[in-house]
Amino acid sequence: FVGEKLFHLAEGEHHLAELEAYPVILSTREYWEKQEYSRLYESLGLQFSVLPAEGYSLRRLYAREGLGIIITMTSYAQELVDKDILRQVTISEPLPQRRLMAITRKRSEMTQAAREFYDLFVQQFE
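Engineer: I would appreciate a short explanation of the packing of aromatic side chains in the present structure.
Structural biologist: Each aromatic ring pair is characterised by the separation of its centres together with the angle its planes make. Considering all chains together, one arrives at four aromatic pairs under this definition. The interplanar angle of 25° and the centroid separation of 6.4 Å between the aromatic rings of tyrosine 37 and phenylalanine 48 together place this pair among those described as stacked. You can see tyrosine 37 sitting in helix α2 (residues 31–43) and its partner phenylalanine 48 sitting in the loop between α2 and β3 (50–53), a full eleven residues away along the chain. Both residues of the pair, tyrosine 37 and phenylalanine 48, belong to the buried class. A centroid spacing of 4.8 Å and a plane angle of 55° characterise the contact between tyrosine 41 and phenylalanine 48, whose relative ring orientation is tilted. Take tyrosine 41 and phenylalanine 48: they sit in the same class, and that class is buried. These aromatic residues form a ring-pair network of at least three members: Tyr37, Tyr41 and Phe48.

Engineer: Would you mind showing me how to read the pattern of salt bridges here?
Structural biologist: Pairs may arise between side chains of opposite charge once their charged atoms sit close together. Tallied over the full model, the rule gives three salt bridges. With a shortest N-O distance of 2.7 Å, arginine 39 and glutamate 36 are connected by a salt bridge. Pair noted here: arginine 39 and glutamate 36 are both in helix α2, with a separation of three residues, about one helical turn. Between arginine 87 and aspartate 84 there is a salt bridge, and its shortest N-O distance comes to 2.9 Å. Accessibility expressed as a relative area gives 31% for arginine 87, which makes it partly exposed. Taking relative accessible area as the criterion, aspartate 84 reaches 40% and is therefore assigned partly exposed.

Engineer: So what exactly am I meant to see when it comes to the environment of alanine 53 here?
Structural biologist: Summarising the element assignment, alanine 53 is placed in strand β3. Residue classification places alanine 53 among the buried positions, given a relative accessible area of 1%. With 26 residues separating them in the primary sequence, alanine 53 and serine 27 have C-alpha atoms 4.9 Å apart. With residues up to four places along the chain from it excluded, the contact list for alanine 53 reads Ile25, Leu26, Ser27, Thr28, Leu58, Arg59 and Tyr62.

Engineer: How do you make sense of the sheet that holds strand β2 (residues 24–27) when you look at a structure like this?
Structural biologist: Whenever strands of a sheet pair, they do so through backbone hydrogen bonds, lying parallel or antiparallel. Spatial strand order, β3-β2-β4: three strands in an open sheet with parallel pairing. Looking at which strands have only one partner, the edges of the open sheet turn out to be β3 and β4 (69–70). Two elements, β2 and β3, share four bridges in a ladder whose sense is parallel. Residue isoleucine 25 lies in a different strand from β3, and its bridge partner there is leucine 51.

Basis of the calculations
- Residues numbered from 1 in each chain as written.
- Predicted model: local features only at pLDDT ≥ 70, side-chain atom pairs only at ≥ 80, totals over all residues.
- Heavy atoms only, no water.
- Phe/Tyr/Trp six-rings, centres within 6.5 Å; stacked < 30°, edge-to-face > 60°.
- Helix = DSSP H or I, 4+ residues; strand = E, 2+ residues; numbered from the N terminus.
- Buried < 20%, exposed > 50% of the residue type's maximum accessible area, 1.4 Å probe, protein only.
- Salt bridge = Lys/Arg side-chain N within 4 Å of Asp/Glu carboxyl O.
- Contact = heavy atoms within 4.5 Å.
- Pairing = 2+ DSSP bridges.

In structure tokens, the structure reads:
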């Protein structure tokens, strides 16, 4: 997703090579993302530059100000897309998929609250 200064990137589909000059805004805690995107760019012979931002609010602010491209789930950006503050960039290469794992006890050993939380967690990421 990009802010107004980079809305031109939201037109059409782009190869990552066309976007190499724009930093990717990542959280300083998102080691997985940095590692996976670095691998992807490297496999394409591209330089991967990161603009680190602590916390999602700062990442969104940097994107709004046109400082780079923010990679986030569509549901997180939807409110700003609806207000035409951010626009989605379409990339031709497949992006790395996040994998989540939850370690739990046997379902029969969970409290009612834990079972309900687990069910909501699974629904959110299906």
